Amino acid sequence: MKMIKQSRETYIALLFIIGIIILVNFFSYKLFLRLDLTQNKEFSVSGVTKNTLKNLDDIVNIKVYFSKSLPSQFISLRENVGDILDGYTNYSSGNIKVSFVDPSDDDNLASSLYMKGIPELQFEVFEKDQMQLVKGYMGILIEYGDAFEALPVVQDTKSLEYQITLAIKKLSSGELRKIGLFNGYSALSRDEMGEAISKLEELYEVVDVDLAGVEVVDKTLETLIIAGPKELISEEDLKKIDEYVNTGGNLLVLDEGIAITEGLQASTKDDGLSSLLASYGITINKDMVLETKANSGVASFNQGFFTFQTNYPYWPKISKAGFDQDNSAVSKLENVVFPWASSIDINEDKLGDNFTVSYIAQSSDKSWKKTESFDLNPQQLFGPGKTEVSTLAVDVNAKFQSPYGLESNNFSRVLVVGDSDFVSGNLVGLTDNLVFFQNITDSLSLDSDLIEVRSKGITSRPITTDISDGQKSLIRYLNVFGVTVLVIVFGLARYYFRKKSNFVDEL
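Rules used in this analysis
- Residues numbered from 1 in each chain as written.
- Predicted model: local features only at pLDDT ≥ 70, side-chain atom pairs only at ≥ 80, totals over all residues.
- Heavy atoms only, no water.
- Helix = DSSP H or I, 4+ residues; strand = E, 2+ residues; numbered from the N terminus.
- Buried < 20%, exposed > 50% of the residue type's maximum accessible area, 1.4 Å probe, protein only.
- Contact = heavy atoms within 4.5 Å.
- Pairing = 2+ DSSP bridges.
- Axes fitted to C-alpha atoms, helices over the stretch in contact; angles between N-to-C directions.
- Patch = residues over 30% accessible without salt bridge, like charges linked within 9 Å, V, L, I, M, F, W, Y side chains within 5 Å.
- Areas by Shrake-Rupley, 256 points an atom, 1.4 Å probe, with all protein chains shown as cover.
- Salt bridge = Lys/Arg side-chain N within 4 Å of Asp/Glu carboxyl O.
- Expected span 1.5 Å × (residues − 1).
- Phe/Tyr/Trp six-rings, centres within 6.5 Å; stacked < 30°, edge-to-face > 60°.
- Lys NZ or Arg CZ within 6 Å of the ring centre and 35° of its normal.
- Arc of directions from axis to C-beta.
- Right-handed = clockwise from strand over helix to strand, strands pointing away.
- Parallel < 35°, antiparallel > 145°, perpendicular 65-115°, else oblique.
- Left-handed = near helix turned anticlockwise from the far one by under 90°.
- Core = buried A, V, L, I, M, F, W, Y, C linked by side-chain atoms within 4.5 Å.

1. Focus on the overall build of the protein chain
Part 1: Counting secondary structure elements, the protein chain contains 12 helices and 22 strands.
Part 2: When each of the 507 residues of the protein chain is scored for burial, the buried share is 41%.
Part 3: When contacts within the protein chain are restricted to residue pairs at least 6 apart in sequence, long-range pairs at least 24 apart make up 72% of them.

Structure follows, in structure tokens:
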């Protein structure tokens, strides 16, 4: 009887356990919960995305075109894409429909995808002792009504949420905001800014602004960008810029006090912006900020037939401690390099009442400034002068005083970076330079709407520069060999104590 009772209790306990498992599984399908321990919450849907999905008034179809025959290294990518899109589905109240399609066997579909911007890719795969070519798809199509946006190739998920949310916002809003790019006076052109402008055009209509042909700056511009003019801007055109600011327009100035010419020659420059900005209480100094080699960016130089790379003190690298952590445009950045940058001073006496100033990027306390006799030779022995913290980028919100007597009660924002080179040519690809440029533009034009999502893609996680090279090497080797050594030590210790225990038992 006792055995029967125990057996019955065992069956009842087992049934209870099975019932609990069934209930947990049932509620797990009804409730969406994800624990994300990454620093930037890379696998969690951001607040911006949630708000975008909540405000949708129609169905958005997200079609993922991933071939089943992709090489093995992309299998986990397909799963990660699915995990991210699960978040969109769960927060969309039914307005996001996700489907996975393999177009490889449908010639008509393949042709249609090509017309929409999703190409068929070729992969080299080692099979049967030889290299073979395999064709496949790794694209996403986002459809809203009759409009669509294509992500031609998804190579990783670092910026996938940003790309999908950006596409949904563009499709659902129906109208792009306008940004002006200042032309003339040898300022950086659309071609010279290359990738930086291409990225802005994903979200904005970027129009060229030639002040010589207009009486006033277009008031519908969210922001006017002036990047590195090399010639003196006329008083007439400076007045047009001032009028734009005093009617509530936002101004983004990328400029320096020292011009760099071919052959690494440096000289002071005056493009006219200095006088306008000075009336706003902002001064771009005629100097260059230098950092120690440990705190500087890596530059490439040609010497005869050879090219070499070196940490270049004239390229100060701003690390996380140098960014304003209360400013969402830069709070998640890790590194930005400003080649040949000038320091910026603020005269708060000219800012009136109720102004705000954000010192968004500052050098370390080990930096110093050069104001004359600029020797830009990268192979010289760099000796620091008087070390001090310098401001390299500042964001000011105020009612600015017009040097031309214009009266206005409008608050405007003027964001000034003491460098224009960081956004030109290949330099925009250094560390987080491109993200920094996009973020500060968004902060002026979009109220920092997409900054939170874009900053998830930051991948630079350097070892702190406050430790020696020997300490960095020690940390690196501990990361590589530390776990292996611990396992070996644990195994030897376990073997020793077991052998000792057996010896005692034999006694």
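On we go from here.
2. Description of the sheet that holds strand E6 (residues 147-151)
Part 1: Ordered by their spatial adjacency, 4 strands build an open sheet running E2-E1-E5-E6, and the pairing between neighbours is mixed. Of all the strands in the sheet, just strand E2 (96-101) and E6 have a single pairing partner and so form its edges. Each adjacent strand pair in this sheet contributes to an overall mean axis angle of 15 degrees, direction not counted.
Part 2: Both strand E1 (residues 60-66) and strand E5 (residues 138-144) contribute to a ladder of 7 bridges, which runs antiparallel. By the bridge assignment, Val60 is partnered in E5 with Tyr144.

3. Here we look at a nonpolar patch on the surface
Part 1: On the surface, a nonpolar cluster with roughly 540 Å² of combined accessible area is contributed by Tyr11, Leu14, Leu15, Ile18 and Ile22.
Part 2: The residue Ile18 is located in helix H1 (residues 2-30) in this model.
Part 3: Judged by its relative accessible area of 40%, Ile18 is partly exposed.

4. Observations concerning helix H3 (residues 75-91)
Part 1: The end-to-end C-alpha distance of H3 is 26 Å, a good match for the 24 Å that 17 residues give at a rise of 1.5 Å each.
Part 2: Inspection of H3 places Leu77, Val81, Gly82, Ile84, Leu85, Gly87 and Tyr88 among the buried residues, and these make up the whole buried set.
Part 3: At its buried positions, H3 is contacted by helix H2 (47-54), E1, E2, E5 and helix H5 (160-173).

5. A closer look at the sheet that holds strand E19 (residues 356-362)
Part 1: Across the sheet, 7 strands lie side by side as E8-E7-E9-E10-E22-E21-E19; this open sheet has mixed pairing. In the strand order of this sheet, the two ends are held by strand E8 (204-209) and E19, each with one partner. Ignoring strand direction, the axes of neighbouring strands in this sheet form an average angle of 15 degrees.
Part 2: One ladder, built from 6 bridges, connects strand E7 (residues 177-182) with E8; its direction is parallel. Bridge pairing in E8 places Leu181 opposite Asp208.

6. Observations regarding the pattern of salt bridges
Part 1: Summed over the entire model, instances satisfying the criterion amount to 14 salt bridges.
Part 2: A salt bridge links Glu143 to Lys63, with the shortest nitrogen-to-oxygen separation between them at 3.3 Å. One end of the pair, Glu143, is in strand E5; the other, Lys63, is in strand E1, and 80 residues separate them in sequence.
Part 3: In this structure Lys63 comes out as partly exposed when scored by relative accessible area, which is 25%.

7. Overview of the packing of aromatic side chains
Part 1: Overall, the coordinates contain 14 aromatic pairs when judged by the stated rule.
Part 2: Plain terms: the ring middles of Phe74 and Phe123 are 5.4 Å apart, the flat faces sit at 55 degrees to each other, and that makes the pair tilted. On the criterion of sequence distance, the pair formed by Phe74 in the loop between E1 and H3 and Phe123 in strand E3 (residues 121-127) is long-range, its members being 49 residues apart.
Part 3: The exposure class of Phe74 is buried, given its relative accessible area of 18%.
Part 4: Here the aromatic cluster, defined as three or more aromatic residues joined through ring pairs, consists of Phe301, Phe308, Tyr312, Tyr314, Trp315, Trp340 and Phe382.
Part 5: Here Lys116 stacks its cationic end above the ring of Phe148, 5.6 Å away from the centre of that ring.

8. What about unusual backbone geometry?
Part 1: In the Ramachandran plot, Trp340 falls in the positive-phi region, its phi being about 55 degrees despite a non-glycine side chain.
Part 2: For Trp340, the location among the structural elements is in the loop between strand E17 (335-337) and strand E18 (344-346).
Part 3: The backbone of Thr431 shows a phi angle near 40 degrees, a positive value even though the residue is not glycine.
Part 4: Along the chain, the position of Thr431 falls in the loop between strand E22 (412-417) and helix H10 (433-445).

9. Let's talk about H2
Part 1: Within H2 the residues assigned to the buried category are Val48, Thr49, Thr52 and Leu53. Down the axis of H2, the sector holding all buried residues measures 130 degrees, keeping them to one side.

10. Quick look at the pairing of E2
Part 1: With 6 bridges joining them, E1 and E2 adopt parallel strand pairing. For Ile62, the partnering residue across the bridge sits in E2 and is Val98.
Part 2: Between the parallel elements E1 and E2, the chain passes through H3 in a crossover that is right-handed.

11. Some details on the packing of H2 against H5
Part 1: Two elements in contact, H2 and H5, have axes separated by 10 Å at closest approach and are oriented at 30 degrees. Considering the angle they form, H2 stands roughly parallel to H5. Read as a crossing pair, H2 and H5 show a hand that is left-handed. On H5, the residues touching Thr49, Thr52 and Leu53 of H2 are Glu161, Thr165, Ile168 and Lys169.

12. Some words on the nonpolar core
As a rule of thumb, soluble globular proteins bury nonpolar side chains together.
Part 1: Judged by nonpolar contacts, the single largest core of 45 residues is most densely connected at Phe338, Val417, Val423, Phe436 and Phe437.
Part 2: Ranked by size, the runner-up nonpolar core spans 30 residues in total, among them Leu277, Tyr280, Ile344 and Val394.

13. What to know about the environment of Leu160
Part 1: Within the secondary structure layout, Leu160 lies in helix H5.
Part 2: Residue Leu160 is classed as buried on the basis of its relative accessible area of 1%.
Part 3: Separated by 79 residues in sequence, Leu160 and Val81 place their C-alpha atoms 8.1 Å apart.
Part 4: Discounting chain neighbours no more than four positions away, the residues touching Leu160 are Val81, Ile84, Ile140, Leu151 and Val154.

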